[in-house]
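Examining the three-dimensional arrangement
Here is what each chain is made of, one letter per residue.
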Amino acid sequence: MLISDMPVTAILLAAGKGERFKKGAEKVFALIHSQEAVAYSLKALNAHSAIKDIVVVGSIKNSERLAGLIKRYKINKACKIVKGGRRRQDSVCNGLKAVDDRADLVLIHDAARPFIDRGVISSVIKEAGRSGAAILAVPVKDTIKKAQSGLSVKETLDRSKLWMAQTPQVFRRELITEAYNKYRDSDVTDDASLVERMNHPVKIVEGSHLNIKITTFEDLVLAEAIIKMQTRNPKH
Ligand code: CTP
Ligand code: MG
């Protein structure tokens, strides 16, 4: 089946407070090479042929500014802006309520990850089309220690089995809706965690270490370096 045969609705999350970033500055609007961080993923989602519409989740404070960017960057796919919630998962929940019933798949992406392109979006959609649930992730490079109370090592985890989850994450619409209906109260930091709780397999699609999330202020330095490299060599 071609991926364009399975309509996808994208949920783009931009309602966070960015508390680890910097006081007084909203990280989704941080400028990277003179363009707002959120604009990168908005453009990538807008340009992808499998994605039929985009639900942008914003905060009470930033929704108007998001609407302004949608206009400025000529995001011509049907775009709804809905209000987010206290936790990331509350924002996803609000986004899911606005997803069209005709969508087969729902793609969920953090606006704080600007560096996605057509290739990775297609790979995750394709895998979710086959298996129902797929996430982008990268193998862990460092040795990971699990600590017991305080700064004391309890054990070293087997790195060969560890992956760092990223977004996009893509799911069959019924599956992710059911996972959220059942388990939204448990505290999680990604969407696949809730699908795992349903004992539904989640496939990993290997992504790139350059698909960074802007979390703290120094991530902007990395982001500038990545965009410079991509401009010089578009294959990256
Ligand atoms: N997000 C959201 N609604 C929330 C929390 C997070 O839409 N209640 C979004 C953020 O805008 C971001 C993505 O989820 O694009 C990933 O979350 P994270 O990196 O944790 O961003 P923030 O929650 O904004 O940052 P922090 O945890 O430092 O406050
Ligand atoms: Mg957060």
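The coordinates are above.
Thresholds applied
Residues numbered from 1 in each chain as written. Chains lettered and ligands numbered in written order. Predicted model: local features only at pLDDT ≥ 70, side-chain atom pairs only at ≥ 80, totals over all residues. Heavy atoms only, no water. Helix = DSSP H or I, 4+ residues; strand = E, 2+ residues; numbered from the N terminus. Rg over C-alpha atoms; globule rule 2.2 N^0.38 Å. Buried < 20%, exposed > 50% of the residue type's maximum accessible area, 1.4 Å probe, protein only. Contact = heavy atoms within 4.5 Å. Lys, Arg positive; Asp, Glu negative; His and termini not counted. Charge placed at Lys NZ, Arg CZ, Asp CG, Glu CD. Near = heavy atom within 4 Å. 1 Å grid on protein atoms, 1.4 Å probe; cavity = no way out; pocket = protein on both sides within 12 Å on 5 of 7 lines; lining within 4 Å. Sits in = over half its atoms within 2 Å of the grid points. Nonpolar A, V, L, I, M, F, W, Y, C, P; charged D, E, K, R; others polar. Pairing = 2+ DSSP bridges. Axes fitted to C-alpha atoms, helices over the stretch in contact; angles between N-to-C directions. Salt bridge = Lys/Arg side-chain N within 4 Å of Asp/Glu carboxyl O. Phe/Tyr/Trp six-rings, centres within 6.5 Å; stacked < 30°, edge-to-face > 60°.

With that out of the way, let us pick up the overall build of the protein. Secondary structure summary: the protein contains seven helices and eleven strands in total. At 18 Å, the protein has a C-alpha radius of gyration in line with the 18 Å of a compact globule built from 236 residues. Across its three principal axes, the protein shows a C-alpha extent of roughly 50 × 40 × 35 Å. Split into buried and exposed, the 236 residues of the protein put 49% on the buried side. A separation of at least 24 residues holds for 73% of the contacts in the protein among residues at least 6 apart in sequence. A distance of 4 Å separates the average location of the 40 positive side-chain charges in the protein from that of its 27 negative side-chain charges.

So, about the site of ligand 1. Within the structure, ligand 1 sits among 18 residues, and Gly18, Glu19, Arg20, Ser91 and Lys213 are positioned closest to it. Assessed atom by atom at 2 Å from the grid points, ligand 1 resides in the largest pocket. Looking at side-chain class alone, the shell around ligand 1 contains five nonpolar, four polar and nine charged residues.

So, on to the environment of isoleucine 135. For isoleucine 135, the location among the structural elements is in strand β7 (residues 133–139). Look at isoleucine 135 and you get buried, because its relative accessible area is 7%. Sequence spacing of isoleucine 135 and aspartate 191 is 56 residues, and the spatial spacing of their C-alpha atoms is 9.2 Å.

Judged by pairing direction, the sheet is mixed, and its seven strands sit side by side in the order β5-β4-β1-β6-β10-β7-β11 without closing on themselves. Bordering the open sheet on either side are β5 (78–83) and β11 (203–206), each of which pairs with just one other strand. The average undirected angle you get between the axes of adjacent strands in this sheet is 25°. Here strand β4 (residues 51–58) pairs with β5 via six bridges, running parallel. Residue valine 57 lies in a different strand from β5, and its bridge partner there is valine 82. The sheet strands contacting helix α2 (residues 63–72) are β4 and β5, and the helix crosses β5 at an angle near 170°.

Our focus in this paragraph is the pattern of salt bridges. Evaluated as defined, the whole model comprises eleven salt bridges. Two residues, arginine 88 and aspartate 110, come together in a salt bridge whose shortest N-O distance is 3.0 Å. With arginine 88 in helix α3 (residues 88–97) and aspartate 110 in strand β6 (residues 105–110), this pair connects stretches of sequence that are 22 residues apart. By relative accessible area, aspartate 110 is classed as buried at 12%.

With respect to the element layout, leucine 162 can be found in the loop between β9 (152–156) and β10 (163–172). Residue classification places leucine 162 among the partly exposed residues on the basis of a relative accessible area of 24%. Residue contacts for leucine 162: discarding those within four places in its chain leaves Val138, Pro139, Val140, Ile144 and Leu157.

This part is about the packing of aromatic side chains. Applying the stated criterion across every chain, the model contains two aromatic pairs. Judged by centre distance (5.3 Å) and plane angle (55°), the ring pair of phenylalanine 21 and phenylalanine 217 falls under tilted. On the criterion of sequence distance, the pair formed by phenylalanine 21 in the loop between β1 (8–13) and β2 (31–32) and phenylalanine 217 in the loop between β11 and α7 (219–232) is long-range, its members being 196 residues apart. On the basis of relative accessible area, phenylalanine 21 is assigned to the buried category, the value being 7%. Residue classification places phenylalanine 217 among the partly exposed residues on the basis of a relative accessible area of 39%.

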